[in-house]
Amino acid sequence: GAVVSQHPSRVICKSGTSVKIECRSLDFQATTMFWYRQFPKQSLMLMATSNEGSKATYEQGVEKDKFLINHASLTLSTLTVTSAHPEDSSFYICSARPTPLLRAAEAFFGQGTRLTVV
Amino acid sequence: AQRVTQPEKLLSVFKGAPVELKCNYSYSGSPELFWYVQYSRQRLQLLLRHISRESIKGFTADLNKGETSFHLKKPFAQEEDSAMYYCALKNSNTGKLIFGQGTTLQVKP
């Protein structure tokens, strides 16, 4: 099956620093990837849609300057949390939609990244 | 407005009992619905989708457009079914998945 890998799986950083999270599709290409945030025992909240070769589209209320997304290739999207604060501590999950569209009904999920800002 | 509602945060049943996890949706277009499952310490994975009309691990879900529901059912729950279950609606224009709040299924021995 299709595999999406996130790195790192867990990161602790100091307040004010930036953290980059990578999302890779290992055995398929993904024109579109999605970034979610999940609070404990809550649902996945879509933060942004990452499109290869173009700017990401952000959901309402998500600061684009705070959460920088880069989708430089068909297998890699990165989310950078800039000037992190303790309230940014959360579980970040990416998903990727396979291209071509034949398999587009499925989105494959990464294992998630637990970010703790101290 | 697009919305997915899972009214139950927690559903606790005994092994062998029937299970129904409720999901209702709101969507103006033709809906494409999914159930995802997240086992303890594992990633979210697709369980089933309505267009496939399949049964996975004994689970089935029927899209009821009249009631705007997509409830997940299993006649006899097993302990290994204990997990978090998310109902999701796909926006056909953007491909975005809109998730419900999730229901924790706890199957007791």
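This text follows the structure it describes.
Keep in mind the model is a prediction, meaning the values are calculated, not measured.

J.: What am I meant to see in the overall build of chain B here?
T.: Check the secondary structure of chain B and you find zero helices and 11 strands. Scanning chain B from its N terminus toward the C terminus, one meets helices and strands in the order β-β-β-β-β-β-β-β-β-β-β. Each principal axis of the C-alpha distribution contributes one length, and for chain B these read about 45 × 30 × 25 Å. Taking contacts inside chain B between residues at least 6 apart in sequence as the whole, the part at least 24 apart equals 58%. A total of about 5,600 Å² of accessible surface is found on chain B, and carbon and sulfur atoms cover 48% of it. A distance of 6 Å separates the average location of the 15 positive side-chain charges in chain B from that of its 9 negative side-chain charges.

J.: I tried to follow the interface of chain B and chain A on my own but got confused; where do I start?
T.: When the parts of a complex come together, some accessible area is lost, and that lost area is often used as the size of the interface. With 19 residues of chain B at the contact, the number on the chain A side is 20 residues. Summing both partners gives a buried area of about 1,500 Å² for chain B against chain A, and 51% of it is carried by carbon and sulfur. On the chain B side of the interface with chain A, the three residues burying the most area are Arg 43, Lys 96 and Phe 99 of chain B, jointly 34% of the side's total. In this structure, Lys 96 of chain B engages Glu 59 of chain A in a salt bridge whose closest nitrogen and oxygen atoms are separated by 2.5 Å. Run the count over chain B and chain A and you get five residue pairs in polar contact (both at pLDDT 80 or more). Tallied by class, residues from the side of chain B that touches chain A come to eight nonpolar, five polar and six charged.

J.: In this structure, what is going on with the state of the cysteines? I would like to understand it.
T.: Here is the idea: a disulfide is a covalent bond, and it sits between the sulfur atoms of two cysteines. All names here are of chain A. As enumerated under the stated definition, the model contains two disulfides over all chains in all. The disulfide partner of Cys 23 is Cys 94, and the gap between their sulfur atoms is 2.0 Å. Across the S-S bond linking Cys 23 and Cys 94, the dihedral sits near 80 degrees, which makes this disulfide right-handed. With Cys 23 in strand 3 (residues 19-25) and Cys 94 in strand 9 (residues 90-99), the pair connects residues that are 71 residues apart, well separated along the chain. Here Cys 23 matches Cys 94 in class, with each residue buried. Cys 94 supplies the cysteine sulfur nearest to Cys 13, a cysteine that is in no disulfide, at a spacing of 18 Å.

J.: Could you clarify how one ought to interpret the pattern of salt bridges in this entry?
T.: Opposite charge on two side chains allows them to pair when their charged atoms are near. Going through the model one piece at a time under the given rule, you end up with seven salt bridges over all chains. Measuring nitrogen to oxygen at the nearest pair gives 3.5 Å for the salt bridge that ties Glu 22 of chain A to Arg 24 of chain A. Owing to a relative accessible area of 23%, Glu 22 of chain A belongs among the partly exposed residues under this scheme. Among the salt bridges present, the one from Asp 81 of chain B reaches Lys 74 of chain B, with a minimum N-O distance of 2.8 Å. Both residues of the pair, Asp 81 of chain B and Lys 74 of chain B, belong to the buried class.

J.: I tried to follow the sheet that holds strand 3 of chain A on my own but got confused; where do I start?
T.: Each strand in a sheet pairs with another by means of backbone hydrogen bonds, the pair being arranged parallel or else antiparallel. All names here are of chain A. The four strands lie next to each other as 1-3-8-7, forming an open sheet whose pairing is antiparallel. Here the strands that pair on one side only, and so sit at the sheet edges, are strand 1 (4-7) and strand 7 (67-73). Between one strand axis and the next, the sheet turns through 15 degrees on average, direction left out of account. Alignment of strand 1 against strand 3, held across four bridges, turns out to be antiparallel. Within the sheet, the bridge partner assigned to His 7 lies in strand 3 and is Glu 22.

Cut-offs applied
Residues numbered from 1 in each chain as written. Chains lettered and ligands numbered in written order. Predicted model: local features only at pLDDT ≥ 70, side-chain atom pairs only at ≥ 80, totals over all residues. Heavy atoms only, no water. Helix = DSSP H or I, 4+ residues; strand = E, 2+ residues; numbered from the N terminus. Contact = heavy atoms within 4.5 Å. Areas by Shrake-Rupley, 256 points an atom, 1.4 Å probe, with all protein chains shown as cover. Lys, Arg positive; Asp, Glu negative; His and termini not counted. Charge placed at Lys NZ, Arg CZ, Asp CG, Glu CD. Buried area = accessible area lost by both parts, 1.4 Å probe. Salt bridge = Lys/Arg side-chain N within 4 Å of Asp/Glu carboxyl O. Polar contact = N/O pair within 3.5 Å; in protein donor to acceptor, adjacent residues only side chain to side chain. Nonpolar A, V, L, I, M, F, W, Y, C, P; charged D, E, K, R; others polar. Disulfide = S-S within 2.5 Å. Buried < 20%, exposed > 50% of the residue type's maximum accessible area, 1.4 Å probe, protein only. Pairing = 2+ DSSP bridges. Axes fitted to C-alpha atoms, helices over the stretch in contact; angles between N-to-C directions.

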